[in-house]
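Next come the chains, spelled out residue by residue.
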Amino acid sequence: MSQRTLVLLKPDAVKRGLIGEIIRRIERKANWTITALELRTLDRGVLEQHYAEHVGKPFYEPLVDFMSSGPVVSLVVEGERVIEGVRALAGPTDPIAAPSGSIRGDFGTITRENLIHASDSEESAEREIKIFFPGIS
Ligand code: CMP
């Protein structure tokens, strides 16, 4: 089943020079294609929309500070079971719990600075793609 997903390479990934490594892991998967890509520093308005479900949680403000601390690479990736697949490449939210071989397991440090975001469902993907790439239908 072909799907699309919104992937963010967070400010820690950009600052640590891990963009190429992470994109390489995504590109290596057969039948997945990057169909949009942008580097930009996110403002609080975009982050409030993106993280709407987390507004008010204890980690929300530090998360927004971190996510607006430097440029982020946003991508749309399309392909076979790509939603589940990119989340598997990323590994669990907590880098300590993430297995070796996953992006967070290999490079992650703390839960907030966990390098990559990937949509968790088709509904989330469509909502998030509209926020980051409003020109894409
Ligand atoms: P992500 O899954 O991309 O989206 C929510 C983000 O909130 C998550 O990555 C982490 O960056 C951050 N996050 C989630 N839970 C916590 C937590 N308990 N403490 C700090 N940051 C968190």
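Note that the structure is a prediction, hence the values are computed from the model and not measured.

J.: So what's going on with the UniProt feature "binding site: ATP" (unreviewed entry) in the protein chain? Which residues, and what values?
T.: UniProt's entry tags Lys-10, Phe-59, Arg-87, Thr-93, Arg-104 and Asn-114 with the feature "binding site: ATP" (unreviewed entry), counted in the numbering of this structure. Within the fold, Arg-87 resides in helix α5 (residues 82–90). Take Thr-93: it is sitting in the loop between α5 and α6 (103–107).

J.: A description of helix α7 (residues 122–132) should follow, citing residues and the corresponding values.
T.: Of all the residues in α7, the buried ones are Ser-124, Ala-125, Glu-128, Ile-129, Ile-131 and Phe-132. Along the axis of α7, the buried positions cluster into a sector of 155°, meaning they face one direction only. With respect to the buried face of α7, the exposed residues turned more than 90 degrees away are Glu-123 and Lys-130. As for α7, its buried residues are in contact with β1 (2–9), β2 (32–40), α3 (44–50), β3 (72–80), α5 and β4 (116–118).

J.: Tell me about the pattern of salt bridges, and name the residues and values.
T.: Tallied over the full model, the rule gives eight salt bridges. Close ionic contact of Arg-4 with Glu-126 constitutes a salt bridge, the shortest N to O distance being 2.8 Å. Remark: Glu-126 occurs in helix α7 and Arg-4 occurs in strand β1; sequence separation between them is 122 residues. Classification of Glu-126 as partly exposed rests on a relative accessible area of 30%. Between Arg-44 and Asp-65 there is a salt bridge whose closest N-O contact spans 3.3 Å. Note that Arg-44 is positioned in helix α3 and Asp-65 in helix α4 (residues 60–67), a separation of 21 residues in sequence. In this structure Arg-44 comes out as partly exposed when scored by relative accessible area, which is 40%.

J.: Go over the UniProt feature "active site" (unreviewed entry) in the protein chain with me, naming the residues and quoting the values.
T.: UniProt records the feature "active site" (unreviewed entry) for His-117 in the present numbering. By secondary structure assignment, the location of His-117 is in strand β4. Residue classification places His-117 among the buried residues on the basis of a relative accessible area of 15%. Apart from residues lying up to four places away in sequence, His-117 is in contact with Leu-6, Val-7, Leu-8, Lys-10, His-50 and Glu-128.

J.: So what's going on with the site of the ligand? Which residues, and what values?
T.: If you check the shell around the ligand, you find Lys-10, Tyr-51, His-54, Phe-59, Leu-63, Thr-111, Arg-112, Asn-114 and His-117 and nothing else. Contact distances for the ligand include 3.0 Å between an oxygen atom and a side-chain N or O atom of His-117. Here the ligand loses 75% of its free accessible area of 460 Å² to cover by the protein chains. Partitioned by chemical class, the residues of the shell around the ligand number three nonpolar, four polar and two charged.

J.: With reference to specific residues and values, describe the sheet that holds β1.
T.: With respect to topology, four strands assemble into an open sheet ordered β2-β3-β1-β4, the strand pairing being antiparallel. Both edges of this open sheet fall to β2 and β4, since each of them pairs with a single strand only. Taking each pair of neighbouring strands and ignoring which way they run, the sheet shows an average axis angle of 20°. One ladder, built from eight bridges, connects β2 with β3; its direction is antiparallel. Its bridge partner lying in β3, Arg-40 is registered against Val-72. Along the sheet, α5 makes contact with β1, β2, β3 and β4, crossing β1 at roughly 35°.

Reading guide: rules and limits
- Residues numbered from 1 in each chain as written.
- Predicted model: local features only at pLDDT ≥ 70, side-chain atom pairs only at ≥ 80, totals over all residues.
- Heavy atoms only, no water.
- UniProt positions renumbered as here; feature names shortened; annotations may be inferred.
- Helix = DSSP H or I, 4+ residues; strand = E, 2+ residues; numbered from the N terminus.
- Buried < 20%, exposed > 50% of the residue type's maximum accessible area, 1.4 Å probe, protein only.
- Arc of directions from axis to C-beta.
- Contact = heavy atoms within 4.5 Å.
- Salt bridge = Lys/Arg side-chain N within 4 Å of Asp/Glu carboxyl O.
- Near = heavy atom within 4 Å.
- Polar contact = N/O pair within 3.5 Å; in protein donor to acceptor, adjacent residues only side chain to side chain.
- Areas by Shrake-Rupley, 256 points an atom, 1.4 Å probe, with all protein chains shown as cover.
- Nonpolar A, V, L, I, M, F, W, Y, C, P; charged D, E, K, R; others polar.
- Pairing = 2+ DSSP bridges.
- Axes fitted to C-alpha atoms, helices over the stretch in contact; angles between N-to-C directions.

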